[in-house]
Each structure stands twice: as structure tokens, then as C-alpha cells.
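# Fold and contact review
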Amino acid sequence: MKISVRLFARARDLAGADSTELNCPEGATIGELKQLLIEQHPALKPMIDSLLIAVDRDFASEDFILTEGVEVACFPPVSGG
Amino acid sequence: MPEQKQSAALESVRIELTEREIDYHALTEEVRTTQAGAVVLFLGTVREMTQGQRTLALDYEAYPEMAEAKMHELVKEAAERWPILSAAIVHRLGHLELGEISIALAVSCPHRRDAFEAGQFLIDEFKIRVPVWKKENWADGTTAWVHPTLGNTPPAS
């Protein structure tokens, strides 16, 4: 299944794109998605351990299982305020 | 109106992301109500010095849809813990010069202790959970995203 991932802040700058499309196997977890993400965008590798993933606008853990049609975003720890 | 036990007191909530200057006086007026005995306003402003380095400006960006959802979630949680009458949170995005206001947060409660505690909770949790990022424009001409060095444990929702 194709999963579109929105990128923000330093993750976007390093990847050089504000979104990217990944081909994930059915039943893929967030952890697997992150691996696919750094394969496609090696520039993100140094920050992989700090990258957060949101699914449908909420934080998702590494073992969360992705399904078709979800909204996925990838970004570093937040620094607003 | 059907009774809503936990957040029955909450009269109004305003959540906004804006590229324009924040009118914190208007924001404060919005949360004032005759039921309130206390109004707390917090302003976050662009600071010049950070650990010996001089900032010229900050650039803010957000994941707007999630940021707004998280801000609503924060107010809802706060209203379950304190008798909040009204709350407003506005965060500015884009390029901010020194001293400009990046966030204004106002909360009203019947009594001051609750208003202070709710305000503290809202700004502390905002900084952990709401997807907004700042980029430093340092005086030496370099820029750098500010990303707290956390592990990959997502913030509790």
C-alpha cells in the first residue's frame, strides 16, 4: 500500500521535500515505515531515533500498525511556544 | 442543555494559529466573564540570549491540523482538572523579530489558584505535545532548528 508522509521542520529540510510517498507492505508498523523512510531519504538517518510519527493527527508508537488511507506525518521533537 | 459534568463550566474556547501579530489585549478580553474571579495571561516572547548565543529572529512553523487538534485536546484535559470558564490559545507562525509574541494563552477561572495552575499546565504541555517548531536565526548568520533532544518516545496523548 502507498502511504504518503508529510515532513516538517528539520526533517523536511534534510529530505528536501515536504512530503514523500512510501510503498509499505500490508500490516507494516511505524518502525518499518521509518526504515523505508531512511532508505528513500538517507539524509534523515542521523535523526531517525528522534523522529516522531503522527497517524491521523495523533502520536503513534513504533509498533502501531498502518492501514490504507491514514494521514501520516514525520517530524522532530516539537519546540513551539 | 444536557448536563456535562466535567466541563460544564467551560463557556468558550478559542484556538488559533496566525501569521499576524497577536492582539493579547483582545484575547484577554475574550476570556473575561462575570463568573470569573481570576484571569491569567501568558505571553511567550522572542528572547535575545540563549546560553550565550545571540538570536536575531525566530521562524516558526506548524503541522496546523494536528497542532489545532492538540490545542483543543489540551484545553479539554485542563477543563477536566480545573474549573476553567474560558480559554484561548493563539500561536504565531512565520518570521518573528526579537521581543515579538510567539504565543498568547489566556484562561479564566472563579479563583486565582486554579487559573494559575491551569495556565501553567497549558503552556507546559503545549511545549511537549503541540507540533510547532522554531528555527533560530543566530547573530553569526547561521540558522538552526530547535529540537529538544528527546528519545523517540512519543509524548503521552
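A few points on the structure. (Residues numbered from 1 in each chain as written. Chains lettered and ligands numbered in written order. Predicted model: local features only at pLDDT ≥ 70, side-chain atom pairs only at ≥ 80, totals over all residues. Heavy atoms only, no water.)

## Details of the sheet that holds strand 5 (residues 72-75) of chain A
Residue and element names in this part refer to chain A.
- Overall, mixed pairing links the five strands, which are arranged 2-1-5-3-4 in an open sheet. Of all strands in the sheet, those bounded by a partner on one side alone are strand 2 (19-23) and strand 4 (58-60). Across the sheet, the mean angle separating the axes of adjacent strands is 35 degrees when strand polarity is ignored.
- Pairing of strand 1 (residues 2-7) with strand 2, which is carried by five bridges, proceeds in the antiparallel orientation. (Pairing = 2+ DSSP bridges. Helix = DSSP H or I, 4+ residues; strand = E, 2+ residues; numbered from the N terminus. Axes fitted to C-alpha atoms, helices over the stretch in contact; angles between N-to-C directions.)

## Points about the pattern of salt bridges
- In total, this model carries 17 salt bridges over all chains according to the counting rule given.
- Across the pair A:Arg6 and B:Glu65 runs a salt bridge, and its minimum N-O distance is 3.3 Å. With A:Arg6 in strand 1 and B:Glu65 in helix 2 (residues 64-81), the pair connects residues from two separate chains.
- Note on A:Arg6: relative accessible area 26%, which makes it partly exposed.
- Several salt bridges converge on common partners, so that one network encompasses A:Asp58, B:Lys70, B:Glu73, B:Glu77, B:Glu125 and B:Arg129. (Salt bridge = Lys/Arg side-chain N within 4 Å of Asp/Glu carboxyl O. Buried < 20%, exposed > 50% of the residue type's maximum accessible area, 1.4 Å probe, protein only.)

## Some details on unusual backbone geometry
- Of note, A:Asp56 is a non-glycine position whose phi angle comes to about 50 degrees, a positive value.
- On the secondary structure map, A:Asp56 appears in the loop between strand 3 (52-55) and strand 4.
- Given the relative accessible area of 46%, A:Asp56 is considered partly exposed.
- Located in the positive-phi region is B:Gln51, a residue other than glycine, with phi close to 45 degrees.
- Inspection of the secondary structure assignment puts B:Gln51 in the loop between strand 3 (49-50) and strand 4 (53-62).
- In this structure B:Gln51 comes out as exposed when scored by relative accessible area, which is 82%.

## Focus: the interface of chain A and chain B
- With 27 residues of chain A at the contact, the number on the chain B side is 31 residues.
- Around 2400 Å² of area is buried between chain A and chain B when both sides are counted, 59% of it from carbon and sulfur atoms.
- Inspection of the region where chain A meets chain B yields three salt bridges.
- The residue A:Asp58 makes a salt bridge to B:Lys70 at a minimum N-O spacing of 2.6 Å.
- Counting across the chain A and chain B interface gives 17 residue pairs in polar contact (both at pLDDT 80 or more).
- When residues of the side of chain A that touches chain B are traced back to their parent elements, those giving at least two are helix 1 (9-15), strand 3, strand 4 and strand 5 of chain A.
- The biggest single contributor to the side of chain A that touches chain B is helix 1 of chain A, with four residues.
- Residue classes in the side of chain A that touches chain B are distributed as twelve nonpolar, five polar and ten charged. (Contact = heavy atoms within 4.5 Å. Buried area = accessible area lost by both parts, 1.4 Å probe. Polar contact = N/O pair within 3.5 Å; in protein donor to acceptor, adjacent residues only side chain to side chain. Nonpolar A, V, L, I, M, F, W, Y, C, P; charged D, E, K, R; others polar.)

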